[in-house]
Amino acid sequence: MTIDLDRSAQLPVGLLPIPLIEERVLYEAEQPIVYLTRNSHRQVMLAYLAGEDAEFRFTLLAPISERDLRLLEQGQLSIRDALTGTWMWLLREAQRTGDAGLWTVSVDQMPQDHLPVPGTPLLPEHDLIEVPNAYRARRSSATEPSDPKAIWGLPSLRP
């Protein structure tokens, strides 16, 4: 599966700390899937693992307000609506080298099977957890990607 990443929509990678810092994990399945991070301007961003293969890791990011975060945590706002309610960025990180690219993307550009299923809430049994610093360090030094097909049944997302 491919996505058209237009060079004119490419952003400076300096807008995000690379690797992303997982401040608070909202949903996890062998690795963080939905979590909070911050951009370089300290704005809270909702991050969603949209796809991963042996070569790349793709993360969708969108700003999230305190109000929308509260609604998301209460199950009154779906993950998809929280991600697509304003603007989105797509971060592509090379698994082996850590090289990254960042693009602005729209819902129409994204393959639908790489977005959360419409209406999917955070489930109450998935408690919010703080990610310890030791986990972040292990995560950033990992060289072997986990298989999102096993977790989400997703095809690879290729630029």
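Treat the numbers as computed from the prediction; the structure is a model and nothing was measured.

Caption draft 1: Quick peek at the pairing of strand β6 (residues 88–94). The buried fraction of β6 amounts to 6 of the 7 residues, a majority that puts the element mostly inside the structure. Pairing of strand β5 (residues 56–63) with β6, which is carried by 6 bridges, proceeds in the antiparallel orientation. The residue bridging Phe-58 from the neighbouring strand is Arg-92, located in β6. Bridging between β6 and strand β7 (residues 100–105) involves 6 bridges; their strand directions are antiparallel. The partner of Met-88 across the bridge, within β7, is Val-105. In this structure, the hairpin formed by β6 and β7 is closed by a connection of 5 residues, where Gly-98 is found at a positive phi of approximately 80°.

Caption draft 2: Structural detail: the packing of aromatic side chains. Enumeration according to the criterion identifies 2 aromatic pairs in this entry. Taking 5.9 Å as the distance between ring centres and 55° as the angle between the ring planes, the aromatic pair formed by Phe-56 and Phe-58 counts as tilted. Here the aromatic rings of Trp-87 and Trp-89 are separated by 5.0 Å at their centres, their planes lie at 45°, and the arrangement is tilted. With a relative accessible area of 36%, Trp-87 lands in the partly exposed category. For the cation-ring pair, Arg-92 lies above Phe-56, with the distance from its terminal atom to the ring centre recorded as 4.7 Å.

Caption draft 3: Spatial organisation of the nonpolar core. In this structure, Leu-26, Leu-46, Leu-60, Leu-72, Leu-90, Val-105 and Met-110 are the most contacted members of the largest nonpolar core, which totals 32 residues. In this structure, Leu-15, Tyr-35, Met-45 and Trp-89 belong to the second largest nonpolar core, which totals 11 residues.

Caption draft 4: Fine view of the side chain of Gln-31. Note that Gln-31 resides in the loop between β2 (24–28) and β3 (32–38). The class for Gln-31 is buried, based on a relative accessible area of 6%. At 3.1 Å, the side chain of Gln-31 forms a polar contact with the side chain of Glu-52.

Caption draft 5: Just helix α1 (residues 66–73), in detail. All of the buried residues along α1 are Leu-69, Leu-71 and Leu-72. Angular distribution of buried residues about the axis of α1 spans 160°; they occupy a single face of the element. The outward face of α1, more than 90 degrees from its buried face, is lined by the exposed residues Glu-66 and Arg-67. At the C-terminal side of α1, Gly-75 shows a positive phi close to 80°.

Caption draft 6: Inspection of the pattern of salt bridges at higher detail. Taken as a whole and assessed by the stated rule, the structure comprises 5 salt bridges. A salt bridge links Arg-38 to Glu-23; the nearest nitrogen and oxygen atoms lie 3.0 Å apart. Placement of the pair is Arg-38 in strand β3 and Glu-23 in the loop between β1 (10–11) and β2, with a sequence separation of 15 residues. With a relative accessible area of 23%, Arg-38 lands in the partly exposed category. Classification of Glu-23 by relative accessible area gives partly exposed; the value is 25%. Between Glu-93 and Arg-57 there is a salt bridge, with its nearest N and O atoms 4.0 Å apart. Here Glu-93 is found in strand β6, whereas its partner Arg-57 is found in strand β5, with 36 residues between them in sequence. Overall, Arg-57 belongs to the buried group, its relative accessible area being 4%. A single salt-bridge network, built from bridges that share partners, covers Glu-52, Arg-57 and Glu-93.

Parameters at a glance
Residue indices follow the written sequence of each chain, beginning from 1 at its first position. Where local features are concerned, this predicted model is filtered to residues with pLDDT of at least 70; where side-chain atom pairs are given and counted, the filter is 80 or more; whole-chain, interface and lining totals use all residues. Remark: hydrogens and water are excluded; side-chain values derive from all non-hydrogen atoms of the structure. Per-residue accessibility, obtained with a 1.4 Å probe over protein chains only, is compared with the maximum for each type, and a residue is labelled buried under 20%, exposed over 50%, and partly exposed between these values. For helices the rule is a DSSP run of H or I covering at least 4 residues; for strands it is a run of E covering at least 2, with both sets numbered from the N terminus onward. What makes two strands pair is DSSP finding at least two bridges between them. For Phe, Tyr and Trp, rings pair up if their centres lie within 6.5 Å, where Trp contributes its six-membered ring, and each pair is then called stacked (planes under 30 degrees apart), edge-to-face (over 60) or tilted (otherwise). In this scheme, the term charge over a ring applies when either NZ of a lysine or CZ of an arginine sits within 6 Å of the ring centre and within 35 degrees of the ring normal. Residues belong to a common nonpolar core when they are buried Ala, Val, Leu, Ile, Met, Phe, Trp, Tyr or Cys residues joined through side-chain atoms within 4.5 Å. Between N or O atoms, a polar contact is any pair within 3.5 Å; within protein, one atom must be a potential hydrogen donor and the other a potential acceptor, and residues adjacent in sequence are included only when both atoms are from side chains. Here the arc refers to the directions that run from the helix axis out to each C-beta atom. Only one rule defines a salt bridge in this text: a Lys or Arg side-chain nitrogen within 4 Å of an Asp or Glu carboxyl oxygen.

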